[in-house]
Amino acid sequence: MRVLIADDSLTIVQRLVMMLADVKGVEIVDQVGTVGETQEAIRRLRPDAVILDMQMPGGSGIDVMESMKKDHLKSTVIVLTNHPYAAYRKKCFECGATFFFDKSNEFEKVGEVLEGLIRDMDREEV
(Lines give C-alpha, C1' and ligand atoms only; values in the text may rest on other atoms or scores of the structure.)
Protein backbone atom coordinates (compact mmCIF):
# COMPACT_ATOMS: atom_id res chain seq x y z
CA MET A 1 0.00 0.00 0.00
CA ARG A 2 1.43 3.34 -1.10
CA VAL A 3 1.03 5.95 1.65
CA LEU A 4 1.52 9.72 1.62
CA ILE A 5 2.13 11.48 4.96
CA ALA A 6 0.88 15.09 5.02
CA ASP A 7 1.72 16.84 8.29
CA ASP A 8 3.74 19.95 9.09
CA SER A 9 5.06 18.56 12.40
CA LEU A 10 8.42 16.82 11.95
CA THR A 11 7.85 15.01 15.25
CA ILE A 12 4.54 13.54 14.05
CA VAL A 13 6.02 12.58 10.68
CA GLN A 14 8.92 10.80 12.40
CA ARG A 15 6.54 8.95 14.74
CA LEU A 16 4.43 7.84 11.78
CA VAL A 17 7.45 6.68 9.80
CA MET A 18 8.71 4.65 12.77
CA MET A 19 5.29 3.12 13.42
CA LEU A 20 4.62 2.29 9.77
CA ALA A 21 8.05 0.69 9.34
CA ASP A 22 6.56 -2.21 11.31
CA VAL A 23 3.52 -2.54 9.04
CA LYS A 24 4.21 -5.11 6.34
CA GLY A 25 3.12 -3.90 2.94
CA VAL A 26 3.30 -0.14 3.61
CA GLU A 27 5.47 1.99 1.33
CA ILE A 28 5.73 5.65 2.31
CA VAL A 29 5.87 7.41 -1.06
CA ASP A 30 6.42 10.95 0.26
CA GLN A 31 6.23 13.24 3.28
CA VAL A 32 4.87 16.74 2.78
CA GLY A 33 4.03 19.62 5.09
CA THR A 34 1.84 22.15 3.31
CA VAL A 35 -1.53 22.05 1.60
CA GLY A 36 0.01 22.91 -1.77
CA GLU A 37 2.66 20.19 -1.48
CA THR A 38 -0.02 17.71 -0.45
CA GLN A 39 -2.27 18.52 -3.39
CA GLU A 40 0.65 18.25 -5.83
CA ALA A 41 1.91 14.98 -4.31
CA ILE A 42 -1.54 13.37 -4.49
CA ARG A 43 -1.90 14.33 -8.16
CA ARG A 44 1.62 13.14 -8.99
CA LEU A 45 1.87 9.99 -6.87
CA ARG A 46 -1.73 8.72 -6.70
CA PRO A 47 -1.21 7.12 -3.26
CA ASP A 48 -3.51 4.39 -1.98
CA ALA A 49 -3.80 6.22 1.34
CA VAL A 50 -3.13 9.73 2.66
CA ILE A 51 -2.49 10.42 6.33
CA LEU A 52 -3.70 14.00 6.52
CA ASP A 53 -3.34 16.68 9.19
CA MET A 54 -6.20 19.18 9.59
CA GLN A 55 -4.07 22.31 10.00
CA MET A 56 -1.10 22.90 7.72
CA PRO A 57 0.50 25.95 6.16
CA GLY A 58 -1.55 27.12 3.19
CA GLY A 59 -4.93 25.89 4.39
CA SER A 60 -6.51 22.81 5.88
CA GLY A 61 -6.99 19.13 5.30
CA ILE A 62 -10.51 19.99 4.22
CA ASP A 63 -9.03 22.07 1.38
CA VAL A 64 -7.00 19.03 0.32
CA MET A 65 -10.03 16.71 0.36
CA GLU A 66 -12.13 19.22 -1.58
CA SER A 67 -9.45 19.46 -4.28
CA MET A 68 -9.22 15.65 -4.41
CA LYS A 69 -12.97 15.46 -4.93
CA LYS A 70 -12.87 18.16 -7.63
CA ASP A 71 -10.01 16.37 -9.43
CA HIS A 72 -11.66 12.93 -9.01
CA LEU A 73 -8.64 11.59 -7.11
CA LYS A 74 -9.39 8.53 -5.01
CA SER A 75 -7.30 7.64 -1.97
CA THR A 76 -8.23 6.40 1.45
CA VAL A 77 -7.97 9.52 3.62
CA ILE A 78 -6.99 9.10 7.26
CA VAL A 79 -7.33 12.41 9.08
CA LEU A 80 -4.98 12.60 12.07
CA THR A 81 -5.47 15.82 14.01
CA ASN A 82 -4.99 17.75 17.22
CA HIS A 83 -8.40 19.31 16.50
CA PRO A 84 -10.85 16.40 16.98
CA TYR A 85 -13.94 18.61 17.18
CA ALA A 86 -17.31 17.17 16.16
CA ALA A 87 -17.80 19.85 13.50
CA TYR A 88 -14.42 19.02 11.90
CA ARG A 89 -15.17 15.29 12.05
CA LYS A 90 -18.53 15.80 10.32
CA LYS A 91 -17.04 18.07 7.64
CA CYS A 92 -14.14 15.68 7.00
CA PHE A 93 -16.47 12.75 6.42
CA GLU A 94 -18.62 14.92 4.14
CA CYS A 95 -15.48 15.80 2.15
CA GLY A 96 -14.39 12.18 1.72
CA ALA A 97 -12.35 11.18 4.75
CA THR A 98 -12.54 7.48 5.51
CA PHE A 99 -11.13 7.75 9.05
CA PHE A 100 -10.74 10.58 11.60
CA PHE A 101 -8.39 10.17 14.56
CA ASP A 102 -7.23 12.34 17.46
CA LYS A 103 -3.42 12.55 17.60
CA SER A 104 -3.43 12.65 21.40
CA ASN A 105 -5.17 9.33 22.04
CA GLU A 106 -5.79 7.50 18.75
CA PHE A 107 -2.38 7.75 17.04
CA GLU A 108 -1.78 3.99 16.94
CA LYS A 109 -5.06 3.41 15.15
CA VAL A 110 -3.45 4.65 11.94
CA GLY A 111 -1.21 1.57 11.78
CA GLU A 112 -4.10 -0.72 12.67
CA VAL A 113 -6.25 0.77 9.91
CA LEU A 114 -3.50 0.38 7.31
CA GLU A 115 -2.92 -3.23 8.35
CA GLY A 116 -6.65 -3.88 7.88
CA LEU A 117 -6.69 -2.18 4.49
CA ILE A 118 -3.71 -4.24 3.36
CA ARG A 119 -5.45 -7.45 4.50
CA ASP A 120 -8.55 -6.40 2.54
CA MET A 121 -6.43 -5.72 -0.57
CA ASP A 122 -4.76 -9.12 -0.24
CA ARG A 123 -8.17 -10.83 -0.01
CA GLU A 124 -9.38 -9.04 -3.15
CA GLU A 125 -6.33 -10.24 -5.10
CA VAL A 126 -6.97 -13.91 -4.26
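Residues numbered from 1 in each chain as written. Predicted model: local features only at pLDDT ≥ 70, side-chain atom pairs only at ≥ 80, totals over all residues. Heavy atoms only, no water.

Visitor: In this structure, what is going on with the pairing of strand S7 (residues 99-102)? I would like to understand it.
Guide: Each regular strand displays side chains that alternate between the two surfaces of the sheet. Across 4 bridges, the pairing between strand S6 (residues 76-81) and S7 is parallel. Note that in S7 the partner of Ile-78 across the bridge is Phe-99. In this fold, S6 hands off to helix H4 (residues 86-95), which returns the chain to S7; that crossover is right-handed. (Pairing = 2+ DSSP bridges. Helix = DSSP H or I, 4+ residues; strand = E, 2+ residues; numbered from the N terminus. Right-handed = clockwise from strand over helix to strand, strands pointing away.)

Visitor: Teacher, can you tell me more about the sheet that holds strand S1 (residues 2-6) here?
Guide: Hydrogen bonds between backbone atoms are what pair the strands of a sheet, whose relative direction is either parallel or antiparallel. Strand order across the open sheet formed by 5 strands is S2-S1-S3-S6-S7, with parallel pairing between neighbours. Strands with a single pairing partner mark the edges of an open sheet, and in this sheet they are strand S2 (27-32) and S7. Strand-to-strand twist across the sheet, computed as the mean angle between neighbouring axes with direction ignored, equals 20 degrees. When S1 meets strand S3 (residues 49-52), the two strands line up parallel, connected through 4 bridges. Following the sheet pairing, Leu-4 is matched in S3 by Val-50. Against the sheet, helix H1 (residues 10-20) engages S1, S2, S3 and S6, with an angle of about 180 degrees to S2. (Axes fitted to C-alpha atoms, helices over the stretch in contact; angles between N-to-C directions. Contact = heavy atoms within 4.5 Å.)

Visitor: Quick question: what am I supposed to make of the nonpolar core here?
Guide: What tends to happen in soluble globular proteins is that the nonpolar side chains get buried as a cluster. In this structure, Leu-52, Met-65, Val-79 and Cys-92 are the most contacted members of the largest nonpolar core, which totals 23 residues. Contributing elements (two or more residues each) for this core: S1, S2, helix H2 (35-45), S3, helix H3 (61-70), S6 and H4. Formed by 21 residues, the second largest nonpolar core is a distinct cluster that contains Val-3, Leu-16, Ala-49 and Val-110. (Core = buried A, V, L, I, M, F, W, Y, C linked by side-chain atoms within 4.5 Å. Buried < 20%, exposed > 50% of the residue type's maximum accessible area, 1.4 Å probe, protein only.)

Visitor: Help me understand the side chain of Asp-53, please; the structure alone is not making it clear to me.
Guide: Within the secondary structure layout, Asp-53 lies in the loop between S3 and strand S4 (55-56). On the accessibility criterion, Asp-53 (5% relative accessible area) is buried. Engagement of the side chain of Asp-53 in a polar contact is seen with the side chain of Lys-103, the distance being 3.3 Å. In contact with Asp-53, other than residues within four places in its own chain, are Ala-6, Asp-7, Asp-8, Gly-61, Leu-80, Thr-81 and Lys-103. (Polar contact = N/O pair within 3.5 Å; in protein donor to acceptor, adjacent residues only side chain to side chain.)

Visitor: Just to check I follow, could you spell out the packing of H2 against H3 for this structure?
Guide: The description of two helices packed together rests on the angle between their axes and the distance between the axes. Contact geometry of H2 with H3 gives a least axis separation of 10 Å together with a crossing angle of 30 degrees. One finds that H2 runs roughly parallel with respect to H3. When you trace H2 past H3, the crossing you get is right-handed. Counted together, Val-35, Thr-38, Gln-39 and Ile-42 of H2 and Asp-63, Val-64, Ser-67 and Met-68 of H3 form the full contact between these two elements. Of the residues in the contact of H2 with H3, the class split is 4 nonpolar, 3 polar and 1 charged. (Parallel < 35°, antiparallel > 145°, perpendicular 65-115°, else oblique. Left-handed = near helix turned anticlockwise from the far one by under 90°. Nonpolar A, V, L, I, M, F, W, Y, C, P; charged D, E, K, R; others polar.)

Taken by themselves, the reported measurements are silent on function.
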